[in-house]
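Read off the chains here:
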Amino acid sequence: MRHAHFQELSTGQGKRERTRSALLDAAVSVVAEKGMDGAKITDITTAAGMANGTFYNHFNDKDEILRTAAYGIAFEVSRQIDAEMDEIEDAAARVVTATSRFIAILAAAPDWAAVLLDGADHLPEVRKDLYKYLRGDIERGVAQGKFDVEVDIFLLDQVVALVAVAVRARLRGKPDPSLASRVCESILRLLGMSPARARKASSRSVPPL
């Protein structure tokens with residue numbers, strides 16, 4: 001787990017920013033334990049070792065801190081994935097790489113997984129931003145003639161649901177070396193690739209984190 005992610009980012013900054021970061025890390029820990037619906041401001045301030053009044057010096061309400069935490073984690077996950085995707089032009093390879101990396105990163109950080117998966121369910125603006133990157137790769141695949149689908153919210157919901165199932169499976173049980181490739185194959189078939197082409201594309205080796 002990466003409980004001090006935001007505090008690490010605020011190293012060397014002023015007290016206000018360090019306090020804000022400690023609250024964000026506490027929010028991540030609370031969501032990992034209780035979920036977004038179950039998390040309360042008092043839970044967050046208790047986890048951070050601060051008074052409730054301190055919370056309101058930095059955030060207006062629970063939704064704001066959870067949204068900020070989700071965006072911060074999404075940015076870091078995207079940064080890690082983008083570093084490997086930079087030179088990949090083939091849309092199928094991009095989907096396989098992004099999916100495999102996303103599963104691996106969240107499986108290694110259950111607290112991040114809780115915030116992003118809950119965020120996609122409870123915070124529409126977070127879900128919209130996450131879908132933006134996915135939509136771009138699918139539309140690239142349609143333009144390349146690799147995918148044969150209508151890119152709409154229903155399709156994006158299906159893809160994200162498959163990824164979420166894979167992440168939760170990794171968090172619940174022992175690592176399954178074939179899980180990422182099987183999920184990628186299912187996604188590529190959903191996007192209109194033939195079973196044979198989807199299986200071949202999903203077998204692309206993506207080194208684990």
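Structure: above.
This write-up is about the structure you can find in this document. On a predicted model such as this, the values are computed, not experimentally measured, just so you know. (Residues numbered from 1 in each chain as written. Predicted model: local features only at pLDDT ≥ 70, side-chain atom pairs only at ≥ 80, totals over all residues. Heavy atoms only, no water.)

1. Details of the environment of Gly 72
Structurally, Gly 72 is set in helix α5 (residues 62-85). We classify Gly 72 as buried; its relative accessible area is 18%. Once the C-alpha coordinates of Gly 72 and Leu 162 are considered, the two residues, 90 residues apart in sequence, prove to be 23 Å apart. (Helix = DSSP H or I, 4+ residues; strand = E, 2+ residues; numbered from the N terminus. Buried < 20%, exposed > 50% of the residue type's maximum accessible area, 1.4 Å probe, protein only.)

2. Some words on the packing of aromatic side chains
As enumerated under the stated definition, the model contains two aromatic pairs in all. Their ring planes at 80° and their centres at 5.2 Å tell us that Phe 55 and Tyr 56 sit as a pair that is edge-to-face. With a centroid separation of 5.7 Å and 40° between ring planes, the pair formed by Phe 55 and Phe 59 is classed as tilted. As far as the burial class goes, Phe 55 and Phe 59 line up, both buried. (Phe/Tyr/Trp six-rings, centres within 6.5 Å; stacked < 30°, edge-to-face > 60°.)

3. Thoughts on the packing of α5 against helix α6 (residues 91-107)
Between α5 and α6, whose axes approach to 10 Å, the crossing angle comes to 140°. Handedness of the crossing formed by α5 with α6: right-handed. Across from Val 77, Gln 80, Ile 81, Glu 84 and Met 85 in α5, the residues of α6 making contact are Arg 94, Thr 97, Ala 98, Arg 101, Phe 102, Ile 105 and Leu 106. A breakdown of the residues in the contact of α5 with α6 according to their chemical character gives seven nonpolar, two polar and three charged. (Axes fitted to C-alpha atoms, helices over the stretch in contact; angles between N-to-C directions. Left-handed = near helix turned anticlockwise from the far one by under 90°. Contact = heavy atoms within 4.5 Å. Nonpolar A, V, L, I, M, F, W, Y, C, P; charged D, E, K, R; others polar.)

4. Concerning the pattern of salt bridges
Across all of its chains, the model carries eight salt bridges by this definition. Among the ionic pairs, Glu 76 bridges to Arg 79, the shortest N-O distance being 2.7 Å. Here Glu 76 pairs with Arg 79, and both are found in helix α5, just three residues apart, close to one helical turn. Exposure remark for Glu 76: the relative accessible area of 12% places this residue in the buried category. Arg 79 gets classed as partly exposed once you look at its relative accessible area, which sits at 46%. For Arg 94, the salt bridge is made with Asp 137, and the minimal N-O distance between the two is 2.6 Å. Taken together, the residues Arg 94 in helix α6 and Asp 137 in helix α8 (residues 124-144) connect sequence positions 43 residues apart. Asp 137 shares its class with Arg 94; the two are buried. (Salt bridge = Lys/Arg side-chain N within 4 Å of Asp/Glu carboxyl O.)

5. Topic: the nonpolar core
Counting residues in each nonpolar core, the largest one holds 62 residues, and the members touching the most others are Ile 65, Val 77, Leu 106, Ile 138, Phe 147 and Leu 191. In this view, Ile 65 contacts Leu 23, Leu 24, Ala 27, Ile 44, Phe 55 and Phe 59; residues no more than four positions away in its chain are not counted. (Core = buried A, V, L, I, M, F, W, Y, C linked by side-chain atoms within 4.5 Å.)

6. Overview of α5
Within an α-helix, residues lying three or four positions from one another point in the same direction, as the helix has 3.6 residues per turn. Along its 24 residues, α5 runs 34 Å from first to last C-alpha, staying within 8% of the 34 Å computed at 1.5 Å per residue. For α5, the capping residue at the N-terminal end is Asp 61, with a side-chain oxygen 3.3 Å from the backbone nitrogen of Asp 63. (Expected span 1.5 Å × (residues − 1). Polar contact = N/O pair within 3.5 Å; in protein donor to acceptor, adjacent residues only side chain to side chain.)

7. A short note on helix α10 (residues 179-190)
Given a rise of 1.5 Å per residue, twelve residues ought to cover 16 Å, and the 17 Å separating the end C-alpha atoms of α10 matches this to within 8%. By the burial criterion, the buried members of α10 are Leu 179, Val 183, Cys 184, Glu 185, Ile 187 and Leu 188. Those residues of α10 that are buried lie in contact with α6, α9 (153-172) and α11 (195-202). Gly 192 occupies a position one or two residues after α10 and carries a positive phi of about 105°.

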